[in-house]
Every structure is written in C-alpha cells, then in structure tokens.
Amino acid sequence: MARKITYQQAVNEALAQEMARDETVIVMGEDVAGGSGADGEMDAWGGPLGITKGLYSQFGDRVMDTPITESAFIGAAVGAATAGLRPVAELMFVDFMGVCFDQMFNQAAKFRYMFGGKAETPVVVRTMYGAGLRAAAQHSQCLYSIFTHIPGLKVVTPSTPYDAKGLLIQSIRDNDPVIFFEHKTLYTLEGDVPEEAYTIPFGEANVTREGSDVTIVTLGRMVHVAHEAADALSSDGISCEVVDLRTTSPMDTDTIIESVENTGRLVVLDESHPRCSIASDVSALVSQEAFDSLKAPIRMVTAPHVPVPFADNLEDLYIPDAAQLQQAVRTVMGKD
Amino acid sequence: MSESIRTICMPKWGLSMKEGTVAAWLMDEGDEISPGDEVMDVETEKISSAVEASESGILRRQVAAEGETLSVGALLGVLADGDAQDGDIDAFIAEFQANYVPPAEDEEDESAATETVDVGGRNIRYLLRGEGGVPVILVHGFGGDLNNWLFNHEALAAKRAVYALNLPGHGASAKDVGAGDVAELAAVLDGFMAALGIDQAHLVGHSLGGAISLQLALEQPAKAASLTVIGSAGLGSEIDGGFLAGFIAAERRKDLKPHVEKLFSDPGLVTRQLINDLLAFKRIDGVRAALETINAAFAPGGSQAVILRDRIGDIAVPVMAIWGSGDRIVPASHAEGLPDNVRVEVMAGQGHMVQMEAASEVNRLIDELIG
Amino acid sequence: MQLSKDDLLRAYRIMKTVREFEERLHVEFATGEIPGFVHLYAGEEASAAGFCMHLDGRDKIASNHRGHGHSIAKGCDVHAMMAEIYGRETGLCAGKGGSMHIADLSMGMMGANGIVGGGPPLACGAALAAKKLGTGGVALAFFGDGASNQGTVMESLNLATVWNLPCIFVVENNGYAEATSSKYSVSCDDAADRAGAFNMPGVVVDGHDFFAIHEAGGEAVRRAREDSAPTLIEVKTNRYYGHFEGDAQTYRGKDEVKNLRANRDCLDLFRARVTSADLVEDAELDAIDGEAGDLIEDAVIKAKAASRPAASELLTDVYISY
C-alpha cells in the first residue's frame, strides 16, 4: 500500500527492510550511527543529514561508525563483499571519492573481469551529490559520469522517493558493485512509496512525461527541472517528453533512441559539467544511432565548466534551471 | 428552464484520476444523444476511454475543446432539449463554471479510500462504494486488482453497496496465496463476506475471478443472489498460458506491454502509465511468487485445472456469462453450449477486458440481471 | 612451536615450488613469450610459507604485485597460475588477469594487486566479514616496504584496531620499493615500529628463517582467531631478482644477491636445520626438489600449449548482469 513519504525516508526504509530481510547486509560510514565511543547518545546523528537515523537502534552493531578514512572503510566494504557480506557503505559526499577512488574503480570494479568471472562484489556505496546547499566546490559536485566511465560499476541516480527505495533495494540485492547517488536537495521531496519492499530493475529509463515535439533526457534532481520547463512549454503548444535515465550504468539507450525517433529533437539536461559528461554521452549516442531522426541539432543544458561556487547568487547561476531548458527547447523547435 | 439543461462532466475513473484530456469529440453540436452513447474520448495518464452520456438530449454545446486537460467534474458539454434558448444555456454554463471547484489535490488516494479486513489471517484490501440493498462484490482476475472495475464500480454503486476486493497476492492485499487454487481463493471470498457480515451478494467475477465466484456460488448457494461471470475462467480448459507465463516473467515495460495488449481489443488503451502501474505491482516482494503459485495451481501447463461447466446448471439464482467475441485470453467459445439457466451475452469485437472497454453495456446488463 | 615431519615437508614443498616457479619464469620471460610484467618472489619464500601454513579454508589473504609465492602458499593451482601468466584460457583468471591479478577466491586468495597498498583495506573487509559471519576465519594482507608508507595501510591499521578485526598485516621488506631503498623511503628503522601508534603488537622477523616467521605468524594468527585482534609483522627479506623482470638492478650493491644466495637462502637454511636435527633426510627433500621441478616443467609445457582466450571473452564477465 502506497503512502507519501520523503526521499530520505524512502532511503532509510529500503535500508531497514533489507537489513531485516538479510542479515548479511551491514551499513558503515562516517557517523551513520553517530556517537560511537562518546559519552552521550548512540545513534545520535544517523549521518550528517539523519538519513540512516534509527538503524543503529534497530540493528545494533550491523550499523558501524567508521573513522574518517574513506580508503580503509570503502576498501573494507569492498573486501567484505567478496567474503560473504552485503555492505552498504556511505561515502558522505561524492566529492570525497578522491580519497577512496582506487577502492572502487581499481578494486571493486575490476574483480569480476580481472579474476576471470569468478568474483562477486555485492557492495553498495551510497553518496550525496549535487549543488544547491551553498556547500561550495568540494561538497556539491555531480560526479556520476566519472563512475559511469568505469566498466564494472553500476551507477544509480534516483529522482523520486519511489525510485530511491526500489533502486536502493535493487542495488543491495544486486551482485555487482553499485554507486548510489542521492541528491541532497531531494531528501525532503515527498512521493507515493509502497510500504512493501520492491525493486526497480537497472537499465530501464522512466518516461516521466510523454510528449511529441522534443525529448528531454535527464536524471536526478534535473528531472524535476525538466517537468517545470515542460509544464511551461506546454502552454506554448510545445510538447516535451521527459526521459529520466534512473541509472547511467547500465544506460537504457533503447528508450532514449525510441523517444528521439518519435520526437525528432533532443535536449539533454544534466546538472554536471559539460565535458565528458552524461549530456555529451547521450548526445553522442543519439548522433550516432538516431541522426536521421533528428530535425534539429542536439542541445545540451548543463552547468558551466567551472567548480561549484559558494556565493548564493553564483551558485544559483551555476545550476541549470527551467528557463535555460525552455530556451534550449525553443531553439531546437526553431522558435527562439 | 435550467432543469431541461443537463451536463456532461469529466468522469472520475478510478481512485487516482484527477484530470483527463479531451482527445476527440465523437458527437457534433446538434446531434441527438441517448443514454450510453459515446460522446467523446478522454485520455488520462492511466487509461483512455469514451465518455458515455447518462441522459438524453441534443448536444447543444461542446464546452471543452479537444486537447484541453480538465479536472474531474469539469464541464465537458451541455445537453438540452431542442427548444432550450441559447441565452439560457449560456447562463447555465456561466453559473456552472462560476461554482465549479476542482477536487483538492490529495482529496482521496487509494490508501485513504480503501479499507482492510482480516480474512483468516490475511489482510484483504477492498473498496466500498454506494450503500444499501443486496450488495455486489466485484472479483478481479489474475494479475488484476480492484481498479479493473474503475468504469463499473461507481455506476453499479448508484443503486446499492458495491465491494471490490483485491485477491490475495494482488493489489495491496496479503501476498500469501496458500495453495493458490480456485478452491482456496473461493474460500477467501467466502471469508471476506463473513468478515464483513455479508450474508448474500450479487457476485460479479472477471476471468479467474469468475471461476472463484462460480466456485463459491456452487459450494455455498445461499451466498449468491446472482452470478455474473465475465471472460471467465472455469468454463473450459483453454486459456492463453503464454499470456499467464509472460505476464509473470516480464520485468520491463517492453516485455510486459505485448502481453497486456492482448487483454484489450484496442491496444491503444494500454498506456505507459497502465504498464508502469502493473510493473510497480509486480516488483513488490512476494508478488511474483504469489502469481507463480496461482498460475501453477490454476492453469498448470497452460490449461485450466478447474472446469465447473457441468455444474453451472445447478445454480438456482440468475446467472449470466458476458464475453468479448475477440477475447484472446479465455476464448469466447466457452460461452457456447452453456445450460439454459445461463444468460449469455457475447459482445462483438470486444476483448478480455470487456468490462472496461464496453463498460456501459456491461453495467447495463448487470443492472438488468440483478434488478 | 613444534612442527610435525609432515608440516616440515609441506613447508619445504611450498617454498621449493615457489622457487622453481619463479626461477623458471625468470628464464621463460627472457624468451619474450610471456606478456606484460612479472615481479618475482624468489628469495622471499619463507614468508609466504611461514604464514600460510597457519591458514585454512576459512582464512583469506590479500596479496600484492609480487604475489606468486602467496598464491602458491595459499593453495592456488600451479598449472592454472602458470597458464594465467602466459595469458591462456586455462589460466586461473581465464587469461584476463595475468601475473599481477592472480586470484582464487575459492581458495581464500583475494588477489594479487597492481595497486601498491591496495590489499590491506580489502583484508580489513574480509576480516570484518569473518567476524560478522562468525566463521572463525582471519584475514592476512601481504604488502611491501613501499606500501608500508601508503595511506591505505595506515588507515587499515587504524581501522583494524578500532573495529577489533582478526587481521594480520605483513610487511615484506625486501629492501627496495622498485629502485628506491627502504632505508630512504621508510621514515623509521623498522616499519613494524609503527604498530605501537595503532595500538597493536609490532614484530620484526628474519625473512630468511622460516621457523622465526612460522612462530611469529602462529602467534599473530592465534591472536586474530582467538582475540579478534590485529598484529603487524615486518619480515626482513630479500628478493633475488629485480623489481620486475628486465630490471637491470644497477641500484643494488655489487655481489649483493650473490652473497644472499650463498649465505642467506631460506631454502638452504631450512634444509640445513631440519637435516642437522635429523628431522628430515636430505633424500626426502631431494625428492621434493625433483617433484617441484617436474611440476613446473609440466605447468610450463601445458601453459604454452594452451589456447589464448576466445575473442568473445573480451566482452564477458564485466558484470554478473547488465
């Protein structure tokens, strides 16, 4: 039975239900309980934004605070995954990948192939990403394209509470390493979420709005920006189809191409930087596979190729918005 | 004057419908309209269907324009007698529009409207509409849920209480289906009636739900005031086993869509949202196992295990079998050669989901049968 | 710790097999038939044998780029290892890993590792899994003096104590991180001195003395298995060959290796000790020498004769499902 809960509650519920179902699921990360070794309350934080709050109280030492040593604990999560556990490690901000990337891209991602198909590494790394909290250059990036580049990793970017729960449960049950991106501005978003556990398969994009004139391919927080723009454009008689990728690895190229074949126009909306990005990747895909369907050049709407700024006015300028997207749509429609 | 002016409004099809888009007018201004006539096609995010007139008159105004998206209850058109004055009609429309309040955003969602009852340790979710009289119970088929009755439930509830339940393993009901066979599911229906204090009901079952209703009517004759089975199981061995297996196995939209399209005579009715809703249901833990159990018990090897055809003549209360002639799941030939006590209505060109695609006719037939 | 005669013969067989494996690779590599890089373990055999003799099927090891000895000591199939190094479809990793990534998780060998310092965090994870699953297993990470300076190693030592992990950290200090001496690159005299900072025992052992290693390893494994507590052991050892095959080793002192081979060889020292104590006869060790030689000869012949992976293998085993 579905009821409305937040994205944050959906993540927490997915973790709790999977921990209850499978005792090999453990959660580790910085302050995922909070209070370890201190004199006050245990389970004090549940992570800096309280996402895992309450899990320690339910599952005790299967919820493990870690030292602030991402190399060690992300690596330990990877090692434990090869040895019978299903660890869910929290990398507080994806920007911190700089101090543990080896454990993900040289270790977890490679084991299966490099060991001749005999390794299974069912690890999930949950991580916060995205601009919008005035957190500046080292706590605000959208680095999913870097992980998407690496064969052996699966990359998940849910946009709604429903997707967050179903994709996280799928991530935990999946036997390959998964990095699960949670946009920090989506945590308070409410949506219908079934009480029961459920999964959403990877590699199935979600057409969140059907339309006939322009395909907007997007992901994560930007799905909502796309809908805002599409609503505005519909009153001008421009019909937008919105494709939420849901997972960038695997990527549902069929749905992208099918949609562009129907609309003949593509705008890719991505909060990340433009170079070597999901936006450029999707654009290249469509150029190669559906060029004959295109009635206009592809447009990419992305953040600029700069670090995320701190000052509020600059950060607001940095994040792609509905106005920019509308402009791009009008351009491909020849109505600018 | 205004009593001679009548409205056609945006219907509410199912609990989650908030608005609909006018796809096409099927009648022109000036056309004479009778109850049941299809006036326009409306698309919602879940389903497309025709809006049928419930009253007669001349279509005097097409208030809603094609392509316009309007809330439930919004004015679509106006019927009036030929002698009604244009000025009165304009005034009527102005007054309606001034007073129209669209339903609040979250006025009623499924969790708020449906109720749960414990039936032998299983939570069974159901929706009750209407009140009084001998109640009707609507029993959906394999892989369906109470929303399969979205075009029937309100209409039938105009005159009496109408219950639609989610069978075990379906909708938001418990996922435990036990043996999953027709007998066990009929026992759940029996228990459902007992739990709600319903001594006797008009049983209306679709597909597997038809077999379940028939089984209950045979085992507990006093419980059935009448029996209507639609595209029903239990009347012959043939069934599209490929549909059942494919429906269970499909995990993705592309895989599921061709199977669901078989249910309808018009595959255009299978919207993306309809498929998404089915996928969301199928992805819930326990559903696949429940469907597999039911399938294995109900149609092992792709043919029906329980055939009650020889006993349907024993039923003393009114019995009706409705079929779409083009049913691709359970063949309409099962409607042939039934005993004389069974009223048989085969609708030309219709498919398995005839209660959705020819809702008003089905509703009329049921109303007629149960009086 | 008293070793049975069977244990002594097993230890010798492991060391001799590794030695034959590496000496033969040294020869075969020079022919140009082996692709890529190989990093030989000859000279360090007592370390792999001394520790792995204490491990069983519950236990896991994480290795490094110089991993042939660890793999053999943990029980990996020698034929499959050789085939892997030749890049053959019969290889332990189907020809997709090579010398630097030999692994057999079914034997508790979590992988050689091309990243210096890559193994210790993984070993922490394996130790955590053993602890959470209650298997009674321990995890052991072999790494070198170069890795001993890596942040991953420091972090792992810290985590192992914070989480009370049944984990053993073994620094095989062979004197050189590539071409740079540990006397230059390691800030303390003994890498094991760092153990105190992580609140665990730090032990230094002579890497040429199998018995010293075996004893220290036994205590560390006991401490891990019984007390769920970590230990850092530094093995002072030497490699007989370069960092990789093809390394001219001009950074090494004149006659350094020659003297080591003559006076400090772990196999010779082992033989002298067990035969002088009348625990084992020379003939028994000679028989093992012969068998090890035959085994490696057969492994090389079969590896050379095996097919390369099918072209279709390029695209398989990236994911379990995708």
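The structure we're discussing is the one just above.
Keep in mind that what you see is a predicted model, and the values were worked out from it rather than measured. Here the residue numbering is sequential within each chain, running from 1 through the sequence in written order. Labels are handed out in written order, letters beginning with A for the chains and numbers beginning with 1 for the ligands. Under the rules for a predicted model, residues below a pLDDT of 70 receive no local features and side-chain atom pairs below 80 are neither given nor counted, while totals for whole chains, interfaces and linings still include all residues. To obtain the side-chain values, all non-hydrogen atoms of the structure were used and water was disregarded.

S.K.: Give a detailed account of the interface of chain A and chain C, specifying residues and quantitative values.
M.R.: Taken together, the contact pairs 47 residues of chain A with 39 residues of chain C. Counting the surface lost from both chain A and chain C, the interface buries some 3,400 Å², and carbon and sulfur atoms represent 66% of this. The term buried area refers to how much accessible surface (probe radius 1.4 Å) is lost by two components on association, counted for both of them together. Considering only the side of chain A, the residues that lose the most area to chain C are A:Y113, A:M114 and A:F115, jointly responsible for 19% of the buried surface there. We define a salt bridge as a side-chain nitrogen of Lys or Arg found within 4 Å of a carboxyl oxygen belonging to Asp or Glu. For the pair chain A and chain C, the interface holds two salt bridges. As a salt-bridge pair, A:D61 and C:K132 come within 3.8 Å of each other at their nearest N and O atoms. Counted as a polar contact is a pair of N or O atoms within 3.5 Å, where, for protein atoms, one must be capable of donating a hydrogen and the other of accepting one, and residues adjacent in sequence contribute only when both atoms are in side chains. Between the two partners, chain A and chain C, sit 17 residue pairs in polar contact (both at pLDDT 80 or more). Breaking the side of chain A that touches chain C down by element, the ones donating at least two residues are β2 (25-29), β3 (63-65), α3 (70-81) and α4 (101-114) of chain A. Examining the composition of the side of chain A that touches chain C, we find that nine residues originate from one element, α3(A), more than from any other. Any residue outside Ala, Val, Leu, Ile, Met, Phe, Trp, Tyr, Cys, Pro, Asp, Glu, Lys and Arg is labelled polar, Gly included; the first ten of those are nonpolar and the last four are charged. The residue makeup of the side of chain A that touches chain C, split by class, is 20 nonpolar, 16 polar and eleven charged. Every residue pair with non-hydrogen atoms within 4.5 Å of one another is taken to be in contact. Put simply, DSSP marks the helices as runs of H or I at least four residues long and the strands as runs of E at least two long, and each gets a number from the N terminus on.

S.K.: Give me the pattern of salt bridges: which residues, what numbers.
M.R.: Inspection of every chain in the model, using the stated rule, returns 70 salt bridges over all chains. Measuring nitrogen to oxygen at the nearest pair gives 3.6 Å for the salt bridge that ties B:R122 to B:D176. You can see B:R122 sitting in strand β10 (residues 122-129) and its partner B:D176 sitting in the loop between β12 (162-165) and α4 (182-195), a full 54 residues away along the chain. Residues joined by salt bridges that share partners form a network here, namely C:K16, C:E20, C:R271, C:D282, C:D286 and C:D289.

S.K.: Report on the sheet that holds β2(A), specifying residues and quantitative values.
M.R.: Through backbone hydrogen bonds, the strands of a sheet pair up, either in parallel or in antiparallel fashion. Residue and element names in this part refer to chain A. Strand pairing is assigned whenever DSSP identifies at least 2 bridges connecting the two strands. Taking strand neighbours across the sheet as the criterion, the seven strands line up as β3-β2-β4-β5-β7-β6-β12 in an open arrangement whose pairing is mixed. Across the chains shown, the open sheet's two edge strands, defined by having one partner strand only, are β3 and β12 (247-249). Each adjacent strand pair in this sheet contributes to an overall mean axis angle of 20°, direction not counted. Where strand β6 (residues 154-156) lies against strand β7 (residues 178-183), three bridges are found, and the strand directions are parallel. Each bridged residue has a counterpart across the sheet, and for K154 the counterpart in β7 is V178. Helix α6 (residues 161-173) contacts β2, β4 (86-93), β5 (124-129), β6, β7 and β12 of the sheet and is inclined by roughly 160° relative to β7. Lines fitted to the C-alpha atoms define the axes, with helices restricted to the stretch that makes contact. Angles between their N-to-C directions range from 0 to 180 degrees.

S.K.: Before we move on, can you summarise the side chain of A:K165 with the specific residues and values?
M.R.: Residues and elements named next belong to chain A. Within the secondary structure, K165 sits in helix α6. Here's how the labels work: a residue is buried when its accessible area is under 20% of the maximum for its type, exposed when over 50%, partly exposed in between, all with a 1.4 Å probe on protein chains only. Residue K165 is classed as buried on the basis of its relative accessible area, which comes to 0%. A distance of 2.9 Å separates the side chain of K165 from the backbone oxygen of E196, its partner in a polar contact. Filtering out sequence-adjacent residues up to four positions away, K165 remains in contact with A10, E13, A14, Q17, V193, P194, E195, E196, A197 and Y198.

S.K.: Would you mind going over the sheet that holds strand β9 (residues 206-209) of chain A in detail, with residue names and values included?
M.R.: Residue and element names in this part refer to chain A. Read from one edge to the other, the open sheet built from five strands follows the order β9-β11-β10-β13-β14, with strand pairing classed as mixed. Among the strands making up the open sheet, the edge pair consists of β9 and β14 (299-302). Shown here is a sheet whose adjacent strand axes are inclined to one another by a mean of 25°, direction ignored. Sheet analysis places strand β13 (residues 266-270) next to β14, joined by four bridges and oriented parallel. Within β14, the residue paired with L269 across the bridge is V301. Taken strand by strand, helix α9 (residues 278-289) contacts β10 (214-218), β13 and β14, and its axis lies near 160° from that of β13.

S.K.: Now, about the packing of aromatic side chains: what can you tell me, with residues and values included?
M.R.: For this analysis, a ring pair means two rings from Phe, Tyr or Trp (six-membered ring only for Trp) whose centres lie within 6.5 Å, classed as stacked if their planes differ by under 30 degrees, edge-to-face if by over 60, and tilted for the remaining angles. Enumeration over the complete set of coordinates arrives at 24 aromatic pairs over all chains. Ring centres of B:Y126 and B:Y163 lie 6.0 Å apart, and the angle between their planes is 40°; this geometry places the pair in the tilted category. Of this pair, B:Y126 sits in strand β10 while B:Y163 is found in strand β12, placing the two residues 37 residues apart along the sequence. Each member of the pair B:Y126 and B:Y163 is classed as buried. Geometrically, the ring pair formed by C:F210 and C:F270 is edge-to-face, given 5.4 Å between the ring centres and 80° between the ring planes.

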